[in-house]
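Below are the chains, spelled out letter by letter.
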Amino acid sequence: MGNSARKPVKGGREPDSGGDNADLRFLLDGAKLTKIRSKSWHKSRYFNLMEDCRTIMCSSKKLGKKGNTFLIDDIESVRKGRQTEGLKKHTDPDEEEKCFSIMFKGSKKNLDFMVNSKEEAHRWVTSLEKLMNHAQNLNKKQEREHWFISCMRKADKNKDNKMTLKELKHFLRQVNIEVDDTYVEEIFKKCDTSNSGTLEDLEIEEFYSLLTKREEIDVIYAKYAKTEGEMSARDLLDFLLNEQREQATIESALKLIEKHELDEAAKQKKRMTKDGFVMYLNQEDGCIFNPAHSPVYQDMSQPLNHYFISSSHNTYLMEDQLKGPSSTEAYVKALMKSCRCVELDCWDGPNGEPIIYHGYTLTSKILFKDVIRAIKDYAFKTSPYPVILSLENHCTVEQQQLMAHHLIDILGSALVTKPLGDTMPASLPSPEELKGKFLVKGKRLNKLDAMFSNNNTTVEEDSVSEEDEAVDCKENDQKAKAKKAKIKLAKELSDIVIYCKSVHFGGFEHARDNQSFYEMSSLKESKAFQLADASATAFIHHNMDKLTRIYPAGSRTDSSNYNPVPMWNVGCQIVALNFQTNTKEMHLNQGRFLPNGFCGYILKPEFQRSPSSQFNPQSLTEGPWLQKKVLHVLVISAQQLPKLNKDKQNSIVDPLVKVEIQGVAADNDKKTTHHIENNGFNPMWNTKFEFPISVPELALLRFVVEDHDSASQNDYIGQYCLPLTSVRNGYRHVPLLTKRGDIIPSAGLFVHIMLMDQK
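Small disclaimer: the values here were computed from a predicted structure and weren't measured.

Engineer: Account for the overall build of the protein, naming residues and giving values.
Structural biologist: Helix and strand counts for the protein come out as 24 helices and 30 strands. Among the 759 residues that make up the protein, the fraction classed as buried is 57%. Restricting the contact set of the protein to residue pairs at least 6 apart, pairs at least 24 apart contribute 68%. Accessible surface, the protein as shown: approximately 32,700 Å² in total, 47% of it carbon and sulfur.

Engineer: Which residues make up the confidence of the model for the protein, and what values go with them?
Structural biologist: Chain-level pLDDT for the protein is 88 on average; 88% of the residues reach the 70-or-more range. Across residues 1-16, confidence stays below pLDDT 50; counting only partners more than four residues off in sequence or on other chains, it has 47 contacts.

Engineer: Can you lay out helix α13 (residues 274-282) for me, pointing to particular residues and giving the numbers?
Structural biologist: Most of α13 is tucked away: seven of the nine residues are buried. The set of residues buried in α13 consists of G276, F277, V278, M279, Y280, L281 and N282.

Engineer: Could you give me a rundown of the nonpolar core, with the residues and numbers involved?
Structural biologist: The biggest cluster of nonpolar side chains holds 72 residues, and the ones touching the most others in it are L344, I375 and L407. In terms of residues, this core owes the most to one element, helix α15 (residues 368-378), which gives six residues. Shared between two domains, this core takes at least three residues from each, and those domains are domain 4 (304-449 + 486-608) and domain 5 (629-757). V657, F703, V727 and V734 belong to the second largest nonpolar core, which has 34 residues in total.

Engineer: Go over the packing of aromatic side chains with me, naming the residues and quoting the values.
Structural biologist: Scanning the model with the defined rule gives 28 aromatic pairs in all. The cationic tip of K365 hangs over the ring face of Y357; the distance from NZ or CZ to the ring centre is 4.3 Å.

Engineer: How would you summarise unusual backbone geometry if you had to cite specific residues and measurements?
Structural biologist: In this structure, E228 takes a positive phi of about 55 degrees despite not being glycine. For E228, the location among the structural elements is in the loop between α9 (215-224) and β8 (231-232). Backbone geometry at S338 places phi at a positive 65 degrees, although glycine is not the residue there.

Engineer: Describe the sheet that holds strand β2 (residues 42-49), listing the residues and the values that go with them.
Structural biologist: On the basis of which strands lie adjacent, the open sheet formed by seven strands has the order β4-β3-β2-β1-β7-β6-β5 and antiparallel pairing. In this open sheet, the two strands that pair with only one neighbour each are β4 (68-71) and β5 (75-80). Averaged over all neighbouring strand pairs, the angle between strand axes comes to 30 degrees, with direction disregarded. As defined by bridge partners, strand β1 (residues 31-36) adjoins β2 across six bridges and the pair is classed as antiparallel. Paired with A31 across the bridge in β2 is F47. Contacts between helix α4 (residues 118-136) and the sheet are confined to β1, β2, β3 (55-59), β5 and β6 (99-104), with β5 contributing the most and set at about 155 degrees to the helix.

Engineer: Which residues make up the pattern of salt bridges, and what are the values?
Structural biologist: Close approach of charged atoms lets side chains of opposite charge pair. Applying the stated criterion across every chain yields a total of 32 salt bridges. Between R512 and D513 there is a salt bridge, and its shortest N-O distance comes to 3.7 Å. Exposure class is identical for R512 and D513. Each is exposed. Notably, a salt bridge pairs K671 with D669, separated by 3.6 Å at the nearest N-O pair. On the basis of relative accessible area, K671 is assigned to the partly exposed category, the value being 25%. Here the salt bridges share partners, and the residues they tie into one network are D23, R123 and K130.

Engineer: An account of the environment of E76 is needed here, citing residue identities and associated values.
Structural biologist: The residue E76 is located in strand β5 in this model. Given the relative accessible area of 35%, E76 is considered partly exposed. The spatial distance from the C-alpha of E76 to the C-alpha of N110 is 9.8 Å, given a sequence separation of 34 residues. Residues within four places of E76 in sequence aside, it is in contact with M103, F104, K105, M132 and K333.

Engineer: Help me get a handle on the pairing of β2, residues and values and all.
Structural biologist: Linking β1 back to β2 in an antiparallel pair, the connection comprises five residues. By the bridge criterion, four bridges tie β2 to β3 in an arrangement that is antiparallel. Directly across from N48, in β3, lies its bridge partner M57. Adjacent in sequence and paired antiparallel, β2 and β3 are bridged by five residues, among which C53 carries a positive phi angle near 65 degrees.

Engineer: Could you give me a rundown of the side chain of S390, with the residues and numbers involved?
Structural biologist: Here S390 shows up in strand β14 (residues 387-393). Among residues more than four places away in sequence, those in contact with S390 are C341, V342, E343, L344, K441 and R549.

Engineer: Hey, could you go over helix α8 (residues 202-211) for me, with residue numbers and the actual values?
Structural biologist: Looking at α8, one finds that the buried residues are E203, I204, F207, Y208 and L211. Around the axis of α8, the buried residues are gathered within 145 degrees of arc, so they sit on the same side.

Engineer: Residue-level account of the environment of G276, with values.
Structural biologist: Its place among the elements puts G276 in helix α13. What makes G276 buried here is its relative accessible area of 0%. With 18 residues separating them in the primary sequence, G276 and E258 have C-alpha atoms 9.6 Å apart. Ignoring any residue separated from it by four or fewer positions in sequence, one finds G276 in contact with H260 and E261.

Here is what the cut-offs are and how they apply
- Residues numbered from 1 in each chain as written.
- Predicted model: local features only at pLDDT ≥ 70, side-chain atom pairs only at ≥ 80, totals over all residues.
- Heavy atoms only, no water.
- Helix = DSSP H or I, 4+ residues; strand = E, 2+ residues; numbered from the N terminus.
- Buried < 20%, exposed > 50% of the residue type's maximum accessible area, 1.4 Å probe, protein only.
- Contact = heavy atoms within 4.5 Å.
- Areas by Shrake-Rupley, 256 points an atom, 1.4 Å probe, with all protein chains shown as cover.
- pLDDT = per-residue confidence, 0-100.
- Core = buried A, V, L, I, M, F, W, Y, C linked by side-chain atoms within 4.5 Å.
- Domains from an automatic or database assignment.
- Phe/Tyr/Trp six-rings, centres within 6.5 Å; stacked < 30°, edge-to-face > 60°.
- Lys NZ or Arg CZ within 6 Å of the ring centre and 35° of its normal.
- Pairing = 2+ DSSP bridges.
- Axes fitted to C-alpha atoms, helices over the stretch in contact; angles between N-to-C directions.
- Salt bridge = Lys/Arg side-chain N within 4 Å of Asp/Glu carboxyl O.
- Arc of directions from axis to C-beta.

Structural data, given as structure tokens:
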């Protein structure tokens, strides 16, 4: 809403520095780009940033009023060069430096562009990245103000930068709140100090203040603001010690004032105003997730099998398991989510080149070498720790030899082709030792010890049993059933399988007596769950010195997932899930791997690593794992929940909150608040829950916000999941994520948490 709308957002979205302003001007002016969809579809499009500095328009005419728009917040990344499948396929290699792509969060298709020079491409990429960084670095207060202003602009139908009573009512529906007409008129009259019949300038600021007033925070602030109505450093310290249960000092309280206080006069007096207090609660320092667990903080020098490893199943698939597309982009998305074990389903392809797709189905096919290139480019962008390439090999010897060549040629020295050190190891190396490395998981013709033997003679090829998962796939395909479960294995491919040799699982006793530390089995979910129920302690001990991979049943053709938690409970490391399916199971996976720098490796609890442990998640006995606690959760309120049906003007959400514990069977629990009618803007519940906890080190806490519907299934609004060991006590802000795991910028829950010993 022009200048008047920007009053509440001082220091708003626009970048401040001279260089940033030049980039902003460049984006606002826009330019003509060539949009590319195919060899024959290269069309000119005008591309510019709109005046709200957060919406981009792509239209066929310069300064066109109609065109496709998207928000800066929707962009996942901007890639320079021919990095997408489309640009590689539809442009020439000599145009590499003139190309760039915009990649979106979720399922929205990327945009591929070509410009006139490499300088222009560089300008577009750097300008967009700066704007994205600026948007990401906005604090919570600024995010909410920008969301508020955006809704206000939409409500200002005649674009006169003023708000009539009718526009105000429309605005309240935009921000997801149903308010009685009498109350709307009351707010309007209170703010319309000029008696003009419209709100503008300072009147809009007053309206913003009234609407965003947080009564629940006012009460907390008033209790501790004992110094002329403000919080002194001593007052703040009292709050941190008594309510937040932090190991705080007067120095840490002063740092929080310096960091979060907005009023310079208060900052000079070393005090925190209510605005500064709200800012603190909504930032990382007030978040439920312990910021000390944000970086890599765990011991990364343990053997690989001592960690849970973020793992993907049929990584190449973007959708279902029968006819959906295969894409290198699926590998990029998984790796950018810190997935550390990806699957490659390899088959003979045309022209002697191996391909990847889901065999015996109509899923599309991609070249093996293109996948390896994509993996190399993106493997270590979000995590430096090793990536396991899980090969399901269906190829002839000739194409296997080419697979080995591509792996060695493309990955180079990053590929582990021999054990670390000069002598035969006795255990797996650590993630720290394997930083920046790739491990191949697959069949091997001989024992690893042979590499250190003077008599290392191996046949060039031999028959080995197929991967267990490949056999399971055949069971679902009548034509394939008749084929023998044996394949010929090329020596070249066998030789680069070092620490992850695939072997058939013959039972825990057989594995203990015959299986080496580098030999690992893959188990179908049904078999794994059966073992976890019947022999949990044996399963845990098996996983103390060997890796185990679990994969979804072949019957999950819709790419649904099993619950990973029972598999983590018995110490399974590689619990492979369909990353493309954004349901509760993937939310749990995201929560499990949220701490430790989101690096894809989480150190298992000591009782899942110690040979003397008798831990059994099915039958809890006394031991170091048993730490009886009570988790007290007070769900207080939510802020600015997204409107679900944006096309329906009168559609307002009726939110409720579910609080879940996922861990050992004895700890699993779920409780639900009542729903609030017609208020997604600032609903308040003040509902208390208690959860008895027996094994906190394996427990996950999950908040889910839904739109209540009495006639059908509730609609998903947002969720957040994290390990109980990373939860902080006190009054805390809970971020909310979309189904796909992206942050909802303006939304959140406000809760009070207390984890205490059971009396």
